[in-house]
Amino acid sequence: MRKIFFAILFVILSNGSFAQSEQSLIENCIQNYINGTSYNKPESIGKAFNAEANLFLRHKEKPLWIAPISEYVNWFQNGNNGKYCISSNLSAQTNSAAEKKIDSLFSQYNSKTAGVAVGIVQDGKLIFEKGYGTANLEYDIPITSKTIFNIGSVSKQFTTFSIYLLEKQGKISLDDDIRKYIPELPIYEKIITIKHLCSHTSGLKDQWALLTLAGWRMDDVITTEQVMKIITKQKELNFLPGSQFKYSNTGFTLLTEIVKRVSGKSFSRFAKENIFNPLGMENTLIYDDNEKIVKNRAYSYGNANGLYSKRNLNSSSVGPTNVYTTVEDLVKWTANFENPKVGDVDFINLFNEKSLLDNGKPAILAVRDGENIYHAKGQFIRNYKGLNVYNHTGSDAGFKSYFGRFQENKLSIILLSNDESFVSYKAGMDIAEFYLSDKFKERSPIIESQIRVEEGPVYIAATNLKVFEGQFQNSDLASLFTLKVINGKLTMSHNRLSDAVLTEVEKDKFTGVITFAVEVNFHRNKKNEITGLSITNFGAINVYFIKLK
């Protein structure tokens, strides 16, 4: 028995893959086991099989594989030889400093707060998983890696992946006119293709931006059917399709409608059969029924002055959001990008390519720290301190999420939260610093151009706000706003929304908040009479309301 163990030890140590300190750990662990079995010292066996012990297997394709101790025991009892070595969990010890930093990062979460579930994947293995805080504050249910969260806009990569699967199956072309599948859409000035929908370059006004102007609250029951009724009435676009990038949730609702009509299955069923089931994502679903019971799910919360309150989410509109999943299932999803089970390497490479405008230039979300942030099929791509990262955040009601892949470094970070104030992107990049600090490059300081901006004259607001009073209607949205001067301030009222107080910033231009920040511009005729107003918010440009007489 002793000879067998030292033979294994020699093979492993001579491999050269372990540092000297690691060799000592292996040797001590094996020696403890030998002493415990040969000399009937159970305390030594206990030292060998401690809570951090794991089994390492040498394999041609996967040089290092971790197995449960029970498998080692079975191997030993069955008399096999030369394949295995018992050792302390070296990766856990190596990353212990990073894990302590993660604990510190989320130290504010406890049994009285909302919180976050964390998963770190390295070399295809889940090396850290932990829940912080509470999934349900009414029943004191803690968050774990098995807790199910709404992942908000991280859902979009599942939507585009489904479309790319249909394209791979030969059932659609990414260059198809979307009206081929959804003919009830208006005829636009230029054809909108499926590719435009996937890349936020369609010019379509954002559905949430439109719904708020139609008098909807974000905690209303919102279905795909209701969203489609509004989308199909919008004849005006924000810009010519393919000419620029502007984030639009509308395109992803239409993508799921295309999946439904082409496959003959609900989007929920298609994703389950073609993505979730093949990858073993047993606790992942498309939430297309707001009355559906989801076991082990988290509920979302906001916090004002230390007092938590619910952030209700009643939407069952799918495509842009409403994938519900867990840290453990997203581990399987990220593994598919490295070792594809659904799709192949060429498919994944195509999926990871930057989205393009019609002129062939890449679609750019923004410029941060001197680096472009590009778009690619429900993901964003950027170079962060010298390393490429694919990531996306999500936000819906009080749910926040971050899913990031440093694919070349084989590190993925998964953060799922039910805390409205959680800043998921910052937390994700903080964790990346814990694991990749030795690989990150220092950024060169960005020198801001010293351009002097001449200040214009201070605008003096109009003294007669009553000229802006009246009722303004958009029949496509079935929406009516009443403007009236209340306590010396121009106020917009809607039967279903809180009043919005407007602030004049230029002649005939005001700002305010109608769920989202808005700019309101008044229109006049040749007689200088106000005939209407247009509203612009984050996702809808110049939505026109005519003044009623």
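As the structure is a prediction and not an experimental result, all values here were calculated from the model.

Visitor: Account for the sheet that holds strand β15 (residues 379-384), with residues named and values stated.
Guide: Strands sit in the order β5-β4-β18-β17-β16-β15-β14-β13 across an open sheet of eight strands; the sheet is antiparallel. Each of the sheet's edge strands pairs with one partner strand only, and the pair in question is β5 (125-132) and β13 (364-368). Pairwise comparison of adjacent strand axes, ignoring direction, gives a mean angle of 20° for this sheet. Where strand β4 (residues 116-122) lies against strand β18 (residues 411-417), seven bridges are found, and the strand directions are antiparallel. Among the inter-strand pairings, Q122 is bridged to a residue of β18, identified as L411.

Visitor: Give a detailed account of the pairing of strand β16 (residues 387-396), specifying residues and quantitative values.
Guide: Every other side chain in a regular strand lies on the same face of the sheet, so the side chains alternate between the two faces. Among the ten residues in β16, seven count as buried, and that is most of the element. As paired elements, β15 and β16 share five bridges and run antiparallel to each other. The residue of β16 that forms the bridge with F380 is N391. One ladder, built from seven bridges, connects β16 with strand β17 (residues 399-406); its direction is antiparallel. Pairing of S395 across the sheet is with K400, part of β17. Between β16 and the antiparallel strand that follows it, β17, lie two residues; A397 among them carries a positive phi value of about 55°.

Visitor: Requested: an account of a nonpolar patch on the surface, with residues and values cited.
Guide: A surface patch of nonpolar side chains, about 310 Å² in accessible area, is lined by L480, Y544, I546 and L548. Here I546 lies in strand β27 (residues 543-547).

Visitor: Tell me about the nonpolar core, and name the residues and values.
Guide: Among the nonpolar cores identified, the biggest contains 95 residues, and I163, I194, W333, F522 and I535 are the most heavily contacted of them. Sequence-distant contacts of I535, that is, excluding residues within four places in its chain, are made with L213, F481, M492, I514, V518, E519, V520, A540, I541, N542, V543 and F545. In this structure, I120, Y402, A427 and M429 belong to the second largest nonpolar core, which totals 25 residues.

Visitor: Please provide a residue-by-residue account of the packing of helix α6 (residues 96-105) against helix α15 (residues 424-436), values included.
Guide: Between α6 and α15, the shortest axis-to-axis distance is 9 Å and the interhelical angle comes to 160°. Our classification of the angle between α6 and α15 gives roughly antiparallel. Every pair of crossing elements has a handedness; the one defined by α6 and α15 is right-handed. Contacts between α6 and α15 involve A98, E99, K101, I102 and L105 from the former and A427, D430, I431, F434 and Y435 from the latter. A class-by-class count of the residues in the contact of α6 with α15 yields seven nonpolar, no polar and three charged.

Visitor: Which residues make up the environment of V262, and what values go with them?
Guide: Turning to its location among the elements, V262 is positioned in helix α11 (residues 250-263). V262 sits 81 residues away from Y181 along the chain, and the two C-alpha atoms are 7.7 Å apart.

Visitor: Would you mind going over the side chain of D220 in detail, with residue names and values included?
Guide: With respect to the helices and strands, D220 occurs in the loop between α9 (207-213) and α10 (224-231). Judged by relative accessible area, which is 13%, D220 ranks as buried. Within polar-contact distance, the side chain of D220 engages the backbone nitrogen of R217 at 2.8 Å. In this view, D220 contacts N314, S315 and R496; residues no more than four positions away in its chain are not counted.

Visitor: Describe unusual backbone geometry, listing the residues and the values that go with them.
Guide: With a phi angle near 55°, K410 is a residue other than glycine that sits in the positive phi range. For K410, the position within the fold is in the loop between β17 and β18. Overall, K410 belongs to the partly exposed group, its relative accessible area being 42%. A positive phi angle, near 55°, is found at N487, a position not held by glycine. With respect to the helices and strands, N487 occurs in the loop between β20 (479-486) and β21 (489-494). N487 gets classed as exposed once you look at its relative accessible area, which sits at 77%.

Visitor: Explain the pairing of β4 to me, and be specific about the residues and the numbers.
Guide: Most of β4 is tucked away: six of the seven residues are buried. Both β4 and β5 contribute to a ladder of seven bridges, which runs antiparallel. Within the sheet, the bridge partner assigned to Q122 lies in β5 and is K125. In textbook terms, the turn of a hairpin is the stretch between consecutive antiparallel strands, and for β4 and β5 this stretch comprises two residues, one of which, D123, has a positive phi near 55°.

Visitor: Any chance you could break down the confidence of the model for the protein chain for me, citing the residues and the numbers?
Guide: Residues with a pLDDT of 70 or more make up 80% of the protein chain, whose mean pLDDT is 86. Within the model, pLDDT remains below 50 along residues 1-26, and this stretch shows 39 contacts once partners closer than five positions in the same chain are excluded.

Rules behind the numbers
- Residues numbered from 1 in each chain as written.
- Predicted model: local features only at pLDDT ≥ 70, side-chain atom pairs only at ≥ 80, totals over all residues.
- Heavy atoms only, no water.
- Pairing = 2+ DSSP bridges.
- Helix = DSSP H or I, 4+ residues; strand = E, 2+ residues; numbered from the N terminus.
- Axes fitted to C-alpha atoms, helices over the stretch in contact; angles between N-to-C directions.
- Buried < 20%, exposed > 50% of the residue type's maximum accessible area, 1.4 Å probe, protein only.
- Patch = residues over 30% accessible without salt bridge, like charges linked within 9 Å, V, L, I, M, F, W, Y side chains within 5 Å.
- Areas by Shrake-Rupley, 256 points an atom, 1.4 Å probe, with all protein chains shown as cover.
- Salt bridge = Lys/Arg side-chain N within 4 Å of Asp/Glu carboxyl O.
- Core = buried A, V, L, I, M, F, W, Y, C linked by side-chain atoms within 4.5 Å.
- Contact = heavy atoms within 4.5 Å.
- Parallel < 35°, antiparallel > 145°, perpendicular 65-115°, else oblique.
- Left-handed = near helix turned anticlockwise from the far one by under 90°.
- Nonpolar A, V, L, I, M, F, W, Y, C, P; charged D, E, K, R; others polar.
- Polar contact = N/O pair within 3.5 Å; in protein donor to acceptor, adjacent residues only side chain to side chain.
- pLDDT = per-residue confidence, 0-100.

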